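Listed below are the residues making up each chain.
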Amino acid sequence: MRALTIIVATPDPERFRGALMLAAAQAALGGAARIFLQLDAVALLRLPIAAPRDAGHEAAGLPPLKDLLEEARSLGVHLSACQSGMSLADVSIADLPAGTDVTGPIALLQKLNEDERLVFA
């Protein structure tokens, strides 16, 4: 299965939720999955993880963003935070979920191979 990299480019928690769901599905099927939060989207990783629509998702029987992130991570989904985005959002590595790496778009693109899928959320 081809690896999947999803770039979350805006600080929209519902786009992040969608990226997590897609990445978790990829990982559950045995494929590699990575989410890169670029620029302002890095703020979505600031602990504690929460989203305005969490209550509505829970009422529909779906997990809140925090639980969805934990589930995706347990399946092997890799998280990367944009170094410039960390500065923009005034976020330090201590503010991020454990295991999140810090990188930039050049390093991210250098890691991609020709067979990998790249999706923007």
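These numbers come from a predicted model, not from an experiment. (Residues numbered from 1 in each chain as written. Predicted model: local features only at pLDDT ≥ 70, side-chain atom pairs only at ≥ 80, totals over all residues. Heavy atoms only, no water.)

Participant: I keep staring at the sheet that holds strand S3 (residues 78-82) and nothing clicks. Help me out?
Facilitator: Backbone hydrogen bonds hold the strands of a sheet together, and the pairing may be parallel or antiparallel. Across the sheet, five strands lie side by side as S4-S3-S2-S1-S5; this open sheet has parallel pairing. The open sheet has two free edges, formed respectively by strand S4 (101-103) and strand S5 (117-120), since each of these has just one partner strand. The mean inter-strand angle of the sheet, taken between neighbouring strand axes irrespective of direction, is 25 degrees. Pairing of strand S1 (residues 4-8) with strand S2 (residues 33-37), which is carried by five bridges, proceeds in the parallel orientation. Across the sheet, the residue bridging to Ile6 is Ile35, located in S2. (Pairing = 2+ DSSP bridges. Helix = DSSP H or I, 4+ residues; strand = E, 2+ residues; numbered from the N terminus. Axes fitted to C-alpha atoms, helices over the stretch in contact; angles between N-to-C directions.)

Participant: Would you explain helix H3 (residues 65-74) in this entry?
Facilitator: Residue pairs three or four apart in sequence face the same way in an α-helix, which turns once every 3.6 residues. All of the buried residues along H3 are Leu65, Leu68, Leu69 and Ala72. In a view along the axis of H3, the buried residues occupy a sector of 100 degrees, so they form one face of it. The secondary structure elements touched by the buried residues of H3 are helix H1 (13-28), helix H2 (54-59) and S3. Two residues or fewer past H3, Gly76 is found with a positive phi of approximately 105 degrees. (Buried < 20%, exposed > 50% of the residue type's maximum accessible area, 1.4 Å probe, protein only. Arc of directions from axis to C-beta. Contact = heavy atoms within 4.5 Å.)

Participant: How should I be thinking about the side chain of Arg34 in this particular structure?
Facilitator: Mapped onto the fold, Arg34 is located in strand S2. Only 3.1 Å separates the side chain of Arg34 from the side chain of Glu116, close enough to count as a polar contact. Sequence-distant contacts of Arg34, defined by excluding residues within four places in its chain, comprise Leu4, Thr5, Ile6, His78, Ser80, Leu108, Lys111, Leu112 and Glu116. (Polar contact = N/O pair within 3.5 Å; in protein donor to acceptor, adjacent residues only side chain to side chain.)

Participant: Can you walk me through H1 in this structure?
Facilitator: Along its 16 residues, H1 runs 22 Å from first to last C-alpha, staying within 8% of the 22 Å computed at 1.5 Å per residue. For H1, the set of buried residues is Pro13, Phe16, Arg17, Ala19, Leu20, Ala23, Ala24, Gln26 and Ala27. Buried residues in H1 make contact with S1, S2, H2, H3 and S5. By the N-cap criterion, in which a side-chain oxygen at the helix start approaches the backbone nitrogen of a residue two or three places on, H1 is capped by Asp12, the distance to Glu14 being 2.8 Å. Positive phi appears at Gly30, one or two residues downstream of H1, with a value of about 95 degrees. (Expected span 1.5 Å × (residues − 1).)

Participant: So what exactly am I meant to see when it comes to a nonpolar patch on the surface here?
Facilitator: Together, Leu109, Leu118 and Phe120 line one region of the surface with nonpolar side chains, adding up to about 310 Å² of accessible area. Secondary-structure assignment places Leu109 in helix H5 (residues 105-111). (Patch = residues over 30% accessible without salt bridge, like charges linked within 9 Å, V, L, I, M, F, W, Y side chains within 5 Å. Areas by Shrake-Rupley, 256 points an atom, 1.4 Å probe, with all protein chains shown as cover. Salt bridge = Lys/Arg side-chain N within 4 Å of Asp/Glu carboxyl O.)

Participant: Would you mind showing me how to read the environment of Leu45 here?
Facilitator: Take Leu45: it is sitting in the loop between S2 and H2. In this structure, the C-alpha to C-alpha distance between Leu45 and Leu22, residues 23 residues apart in sequence, is 17 Å. If we skip the residues at most four places from it in the chain, Leu45 touches Phe16, Leu37, Leu79, Ala81, Asp95, Leu96, Pro97 and Thr100.

Participant: Teacher, can you tell me more about the pairing of S2 here?
Facilitator: Every regular strand shows the same layout, with side chains that alternate between the two sheet faces. Of all five residues in S2, five are buried, a share of seventy percent or more. Going residue by residue along S2, you find Ala33, Ile35 and Leu37 tucked away on one face and Arg34 and Phe36 tucked away on the opposite face as well. Following the backbone out of S1, through H1 and into the adjacent parallel S2, one traces a crossover that is right-handed. Inspection of the sheet shows S2 paired to S3 by four bridges, in the parallel sense. Directly across from Ile35, in S3, lies its bridge partner Leu79. (Right-handed = clockwise from strand over helix to strand, strands pointing away.)

By themselves these figures say nothing about function.
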